[in-house]
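Descriptive analysis of the structure
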Amino acid sequence: MSNKPNKHSRRQFLQRGVIAGAAAVAAPYMVPSGVLAADGQPGANDRIGVAGVGIGRQGTGVLTRAVRAAEGRFIGIADVNLPRAEQKCKELGGGVAVKDYRRLLERKDVDAIVTATPEHWRAIICIHACQAGKDVFAEKPVSLTIREGRLMVQAARKYGRVFQVGSQQRSTEICRVACEFIRQGGLGKISKIITMRYPSPFHCGLPGQPIPDGLDWDMWCGPAEVVPYHPELYIPRGKPGWLSFYPYSGGEMTGWGAHGLDMIQWALGMDESGPTEIWVEGDKFNPPTITEPESNARPNIQCSNPAVFWRYANGVTLVMDETFGKQPGKPAPTAPSFGGIVHGEKGVAVIDRGKFTTDPPELAQKALEGIKNRESHVENWMACIKTRQRPNADIEIGHRSATVCHLGNIARWTHRKLKWDPVAEHFIGDAEADRHLDRPRRKPYLLPETI
């Protein structure tokens with residue numbers, strides 16, 4: 001499919017209701033379905049106008065790197081916490097600070113956005129950005145549900161957008177070498193891969209506290225039901241932070257798992273596919289409800305059970321259970337959080353972010369010779385905006401890796417063996433499991449009816 005966006009005038013874009021000046025802040029918070037891409041894309045000699053949407057801890061670094069690149073220029077930030085947006089604009093040397101992200105999408109000087117919102121907001125923003133003709137850098141995991149991820153892919157393809165997912169290891173040379181080594185048979189036939197026991201999300205029952213001035217809490221809740229504000233819900237990782245709670249995230253299964261399981265997908269050559277069977281072994285999943293601030297250590301241990309297993313059509317078994325690889329008289333192997341322990345006919349490899357080892361060591365000796373750093377992940381995205389090529393962590397890749405994580409959570413929730421069709425992206429003969437492919441959304445924060 002062509003990477004050129006559909007051409008429609010800015011006036012048409014505005015008339016279709018993407019934004020109508022300041023009045024849109026009070027309007028229903030959605031872009032009507034059928035909105036078409038705005039005019040233009042940066043030329044070879046143009047600087048790329050970049051804006052941020054939902055820029056906090058993680059997004060600040062990505063946005064800063066993009067706008068301070070030689071080909072980048074800063075336009076502004078949209079955030080439901082307007083004082084935070086204003087402060088970050090000052091730190092970046094000026095720019096417009098707004099609460100409603102649609103006010104950035106309608107601007108002709110915005111070519112691309114960086115977004116690092118909580119996961120329950122990510123799909124709506126990214127789809128609307130694609131419809132508005134903007135390129136996208138979205139933090140991982142790219143979706144809250146499997147259906148969201150597929151719609152994001154469809155939007156990127158339909159409107160010819162360069163869509164990078166924040167899986168940084170995809171732009172790290174040693175990770176590329178490690179995954180290529182495995183795909184090309186360096187270990188021979190792969191039998192199993194052991195990965196970290198990533199915890200699934202638990203529930204939030206934190207008591208309400210006063211909402212800080214300048215924070216639109218109703219808008220922060222967005223597609224999720226409105227709950228009382230608490231500072232340990234508002235931050236991503238804390239005591240424990242929104243990343244641990246079901247309405248907003250897939251827990252660390254999608255948080256860290258989007259990195260570790262992405263490495264495994266890459267090594268297996270499954271960037272456009274996935275496993276075909278998923279099951280669990282152990283006691284039923286029993287997530288707690290957190291009623292007062294605490295570290296995520298205790299609930300994460302509880303929500304790391306039961307163990308999860310995936311099987312691919314080629315016979316490889318992916319195991320989220322360290323004891324699966326235990327040898328008599330030796331301690332259980334510790335799987336890396338950014339990869340896994342790969343068992344093959346010729347030996348064992350450990351793939352991790354920035355690390356690659358084999359046993360015996362000489363297996364990878366030649367592959368490791370002359371490794372040089374590749375361009376950074378943000379720079380890869382910026383370069384692809386100019387060339388219109390697919391970036392290192394294209395949206396299809398990010399969606400497929402997030403899907404493996406979502407499948408692990410669904411297996412825990414249903415507690416039975418599931419058969420998955422990675423082409424049609426639904427469960428075979430299991431309507432109940434299919435209900436987990438998406439989640440309800442609060443009006444008016446709905447996904448577009450038509451991409």
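Scroll up to find the structure this text is about.
Worth saying up front: this structure is predicted, and the values here are computed from it rather than measured.

Once that is clear, we can look at the sheet that holds strand 12 (residues 317–320). Read from one edge to the other, the open sheet built from nine strands follows the order 15-14-13-7-12-11-9-16-17, with strand pairing classed as mixed. Pairing within the sheet leaves two strands with one partner each, and these edge strands are strand 15 (355–359) and strand 17 (426–427). Sheet contacts for helix 11 (residues 257–267): strand 7 (190–194), strand 11 (307–311), strand 12, strand 13 (340–344) and strand 14 (348–352); angle to strand 14, the most-contacted strand, approximately 130 degrees.

What follows covers helix 11. For helix 11, the tally of buried residues reaches eleven of eleven residues, placing the bulk of the element in the interior. Every buried residue belonging to helix 11 is among G257, A258, H259, G260, L261, D262, M263, I264, Q265, W266 and A267, and all of these are buried. Trailing helix 11 by a residue or two, G269 shows a phi angle of about 70 degrees, which is positive.

This brings us to the sheet that holds strand 3 (residues 96–98). The pairing of strands in a sheet happens through backbone hydrogen bonds and is either parallel or antiparallel. Sheet architecture is open: six strands sit in the order 3-2-1-4-5-6, paired in parallel fashion. Since the sheet does not close on itself, it has two edges, and those belong to strand 3 and strand 6 (163–165), each with one partner. Across this sheet, the average inter-strand angle for adjacent strands is 20 degrees, counted without regard to direction. Direction of pairing for strand 4 (residues 112–115) relative to strand 5 (residues 135–138): parallel, over a ladder of four bridges. When the bridges of strand 5 are listed, V114 appears paired with F137. Relative to the sheet, helix 13 (residues 377–387) contacts strand 1 (48–53), strand 2 (72–78), strand 4, strand 5 and strand 6, its axis offset from that of strand 5 by approximately 165 degrees.

Reading the values: rules and limits
- Numbering of residues starts from 1 in every chain and runs along the sequence as written.
- Per-residue local features are limited, in this predicted model, to residues with pLDDT of at least 70; the limit for side-chain atom pairs, both in listing and counting, is 80 or more; totals at the level of whole chains, interfaces and linings are taken over all residues.
- Side-chain numbers here rest on the full set of heavy atoms in the structure, without hydrogens or water.
- Only strands joined by at least two bridges in the DSSP assignment are considered to pair.
- A run of H or I in DSSP counts as a helix once it spans at least four residues, and a run of E counts as a strand once it spans at least two, with each numbered from the N terminus.
- Here a residue-residue contact requires only that any non-hydrogen atoms of the pair lie within 4.5 Å.
- Lines fitted to C-alpha atoms define the axes here, with helix axes fitted over just the stretch in contact, and angles between the N-to-C directions of these axes take values from 0 to 180 degrees.
- Only protein chains enter the accessibility calculation, which uses a 1.4 Å probe; a residue whose area is less than 20% of its type maximum is buried, one above 50% is exposed, and one in between is partly exposed.

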